[in-house]
2 protein chains.
Amino acid sequence: MAKIPYKIYLEESEMPKQWVNIRPYMKELPEPFINPATGQPCTAEDLEPVFCHELIKQELNVTDKLIDIPEEVQAFYKMYRPSPLVRAYNLEKALDTPAKIYYKFEGTNTSGSHKLNSAIAQVYYAKKQGLTSLTTETGAGQWGTALSMACAFYGMDLTVYMVKVSAEQKPYRKSVIETYGGKVIKSPSTTTQVGRKILAENPGTGGSLGCAISEAMEVATHTPNCRYVLGSVLNHVLLHQTVIGQETKTACEKYDIHPDIIIGCAGGGSNLGGLISPFMADNLEGKSDIKFIAVEPASCPSLTRGKYAFDFGDTGKTTPLIKMYTLGSGFMPSPNHAGGLRYHGMSAILSKLYHDGYIDAVAVEQTKVFEAATFFAKTEGTLPAPESSHAIRVAIDEALKCKESGEEKTIIFGLTGTGYFDLSAYKAFNDGTMTDYIPTDEDLQRGFDTLPKVDF
Amino acid sequence: MAKIPYKIYLEESEMPKQWVNIRPYMKELPEPFINPATGQPCTAEDLEPVFCHELIKQELNVTDKLIDIPEEVQAFYKMYRPSPLVRAYNLEKALDTPAKIYYKFEGTNTSGSHKLNSAIAQVYYAKKQGLTSLTTETGAGQWGTALSMACAFYGMDLTVYMVKVSAEQKPYRKSVIETYGGKVIKSPSTTTQVGRKILAENPGTGGSLGCAISEAMEVATHTPNCRYVLGSVLNHVLLHQTVIGQETKTACEKYDIHPDIIIGCAGGGSNLGGLISPFMADNLEGKSDIKFIAVEPASCPSLTRGKYAFDFGDTGKTTPLIKMYTLGSGFMPSPNHAGGLRYHGMSAILSKLYHDGYIDAVAVEQTKVFEAATFFAKTEGTLPAPESSHAIRVAIDEALKCKESGEEKTIIFGLTGTGYFDLSAYKAFNDGTMTDYIPTDEDLQRGFDTLPKVDF
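Residues numbered from 1 in each chain as written. Chains lettered and ligands numbered in written order. Predicted model: local features only at pLDDT ≥ 70, side-chain atom pairs only at ≥ 80, totals over all residues. Heavy atoms only, no water.

Concerning the overall build of chain A
Item 1. What chain A contains, in helices and strands, is 19 helices and 17 strands.
Item 2. Dimensions along the principal axes, computed over C-alpha positions, put chain A at roughly 60 × 50 × 45 Å.
Item 3. For chain A, restricting intrachain contacts to residue pairs at least 6 apart in sequence, the fraction spanning at least 24 positions comes to 77%.
Item 4. Surface summary for chain A: the accessible area is close to 15200 Å², and the carbon and sulfur share equals 50%.
Item 5. In chain A, which carries 44 positive and 53 negative side-chain charges, the distance between the mean positions of the two groups comes to 3 Å. (Helix = DSSP H or I, 4+ residues; strand = E, 2+ residues; numbered from the N terminus. Contact = heavy atoms within 4.5 Å. Areas by Shrake-Rupley, 256 points an atom, 1.4 Å probe, with all protein chains shown as cover. Lys, Arg positive; Asp, Glu negative; His and termini not counted. Charge placed at Lys NZ, Arg CZ, Asp CG, Glu CD.)

Now the structure itself:
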């Protein structure tokens, strides 16, 4: 075996031609979405006013293990993929660990993250369906940027409801989205009924993803030829993101790499789900025994401190009910929380896998995350996104455990993106003004109080 | 021949192990630097107080066609290189041109540009020499970021004099540099004699690269174990940047690509010089007949409207005299000029090649550049740096000429970096508030009046 290069790039011909649907591999399926009006599982018809037709089919598909990637989407992927699987030789050396550390780096496109993988697929299907405009929400801004890039490519109109506090922390994210032709509205806004209601109840709120989703959905359902698209949480988004895991797995097979641990940050779960799905399929079939770790912020700890319950996907309580780990759709992360990973819930698929013991979860504090981020930047060169740095933190912790024990474990983590639009957070860390926040049980209870009072 | 992929990535084993020194290939050498105190060509001893020993040797080396890249530098290159040679299939389609367009994309590292190629080499030699700190200047910020990354890697202290107007246009550039441990001082500053003098003469000036160089050199020569390093213009910087051209040439040979035109933006000339050197060597040996085009901003037109004369490299008139195309060391670009490419002079090597007819030059206006940049972003995905977008502008113009003539020319341009820290300029363009500036003959005359009154 030749020495493993710093960066493994697959050939175009080795890129995946199908997405991996993890649900058919699962011993038990996640609970179906519930239509709160009927109390019954959502049908395709229920979802049709909100989502694109083909995406609904993917959302509800629990039988096909592989779903073809349209050729146009494959062609677009080739503009910025395959992404490299990087051997973190310098990080290993700096940590003096016997562990072998790899990261799958999704930050080499302008959106700065993996979000483009699903954005282009969703816009492709919307275009094919004859739609003319889309709405969405964005928090940290990666999703809004990715979607504006995809909409620019297909000439589709886009309105982005951007969480107000993020828009103010990251004014240039707005400029990028506008450069690609997207329209940005700070959420909560007065442009929607639900926004006006939230503002009346919480004047001065910094907003949340849950609010922004409610606003974007309201506009989508009241505009002709318009649909709503989402950048995480949903099954079809995880599906699209499996290009990450598939490329990683192909690279591992090509270079005889056998991961012991795979680590990903988890907000809504799309990156983690996409990274682990092909490996999880092997675990579920008894072919491997990889440990998967979801890393979430201590300030928004849906897996580690949330409830596994049916909840709304948005603050306005307009979505179907999803059985997931949730802090309650009324939960608002503390304003000192930097970056994304601020959603109150977690992908139904990952929630189920976590609930059934197939995934571990860890919550980490913000200053520890930025310590890891800065250390990584100085040794590996790349300035990581705050979100991705949650995974770096735990990868370093695991590598240091190996140093203690002498074990030569192979660790792979997802470096979902770059921190180029997160400099205000880095500045706060450099200046020593960054603080941590761990919600008290009372704080969490206020979120849980917003959970629906029904059960199914 | 297989279809050319969107992105050609070389193997690590195909990366260059030597830099290409173009001077031994030239029919006539550039004039040597002159020591203004003696009126004689600079010796190594003259330069020793300012520059690292090994870099001086490279600076003065006009005989060795190839210079070994130290193994440690090769290893660092592998962290972020090889960079892709991208076939701009989507741009070709959008322009409906028979031309084949490629770009060598240097923006996939955190500095956002090619500057890291020389930064790491310079810091390596400084470390090897036992130095403990470095000073430099930065304009648009790519060089300062690249150098702070390299200094973080080698544990070297760094002070960056950043052109004041750039520091204010790009506050986050400062935060990136600080995250990597660099100290940023806005130039002109009161921390140096030359800075105080410039401030006294021009209170309220936005600064210039020439000022910042003077300040950084003053500190370097007055601090023990400290040297000054520069990110462009000098011969050794062009030398390091030849990794760009060599990778491009290897990719061309591998895929049977024969460029008719190679285009690069030109500020100090390091990117253009690095990109074209290996191809220029072939042209000079009669093996090829490629057309090279240097693209500069109409607002800082050193090649197209400057004088070929001996001039100082800095505003404080403390450097050796360099025979180059120059607008005069006192020339200050208009404050409406966005991004880099604001240096008053041009690499001595490129100046000589241009003077002798081996390179063409074109000056383009800012709004036309941003039109091209936005078009490129929407079709090829990547948001380009304003500097790089000068090359995009001319590549598009050349491709449109092919559309007229039906010629199937092969065009390669250097996409030196990304525009992620240039969003204020994009915002101005989106808002319609961006303006153009073409200096009048009188404006230029004020710069020429600062040229030394001597000749050698």
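Section: the relation of the copies chain B and chain A
Between the two copies of the chain lies a relationship made up of a rotation around an axis and a movement along it.
Item 1. Aligned on chain A, chain B shows an RMSD of 0.0 Å; the corresponding rotation is 180° and the shift along the axis is 0.0 Å. Here the symmetry operator amounts to a two-fold rotation axis. Across chain B, the smallest distance between a C-alpha and the rotation axis is recorded for threonine 108 of chain B, namely 3.0 Å.
Item 2. Comparing interface residues between copies, 100% of those in chain B also sit at the interface in chain A, which points to an isologous, same-surface contact. (Least-squares fit on C-alpha atoms with pLDDT ≥ 70 in both.)

With respect to the environment of isoleucine 257 of chain B
Residues and elements named next belong to chain B.
Item 1. Counting through the fold element by element, isoleucine 257 comes out in the loop between helix 12 (242-254) and strand 12 (261-265).
Item 2. With relative accessibility at 6%, the residue isoleucine 257 sits in the buried group.
Item 3. Residues isoleucine 257 and threonine 410, spaced 153 residues apart in sequence, show a C-alpha to C-alpha distance of 7.8 Å.
Item 4. Every residue in contact with isoleucine 257, bar those within four places of it in the chain, is listed here: Ile4, Ile8, Leu85, Tyr102, Ala251, Cys252 and Thr410. (Buried < 20%, exposed > 50% of the residue type's maximum accessible area, 1.4 Å probe, protein only.)

Regarding the pairing of strand 15 (residues 321-326) of chain A
Strand residues, when the strand is regular, have side chains that alternate between the two faces of the sheet.
Residues and elements named next belong to chain A.
Item 1. Counting buried residues in strand 15 gives 6 out of 6 residues, a clear majority hidden from the surface.
Item 2. As defined by bridge partners, strand 14 (residues 307-312) adjoins strand 15 across 6 bridges and the pair is classed as antiparallel. Counterpart to phenylalanine 310 in the pairing with strand 15 is lysine 323. (Pairing = 2+ DSSP bridges.)

So, the packing of helix 12 of chain B against helix 13 (residues 270-284) of chain B
Two packed helices can be described by the angle between their axes and the distance between those axes.
All names here are of chain B.
Item 1. Running from N to C, helix 12 and helix 13 cross one another at 50°; their axes reach a closest spacing of 6 Å. In terms of axis orientation, helix 12 runs oblique to helix 13. Classified by chirality, the crossing of helix 13 by helix 12 is right-handed. From helix 12, Thr242, Ile244, Gly245, Gln246, Thr248, Lys249 and Cys252 reach across to helix 13, where they touch Asn271, Gly274, Leu275, Ser277, Pro278, Phe279 and Asp282.
Item 2. Of the residues contributing to the contact of helix 12 with helix 13, the split by class is 5 nonpolar, 7 polar and 2 charged. (Axes fitted to C-alpha atoms, helices over the stretch in contact; angles between N-to-C directions. Parallel < 35°, antiparallel > 145°, perpendicular 65-115°, else oblique. Left-handed = near helix turned anticlockwise from the far one by under 90°. Nonpolar A, V, L, I, M, F, W, Y, C, P; charged D, E, K, R; others polar.)

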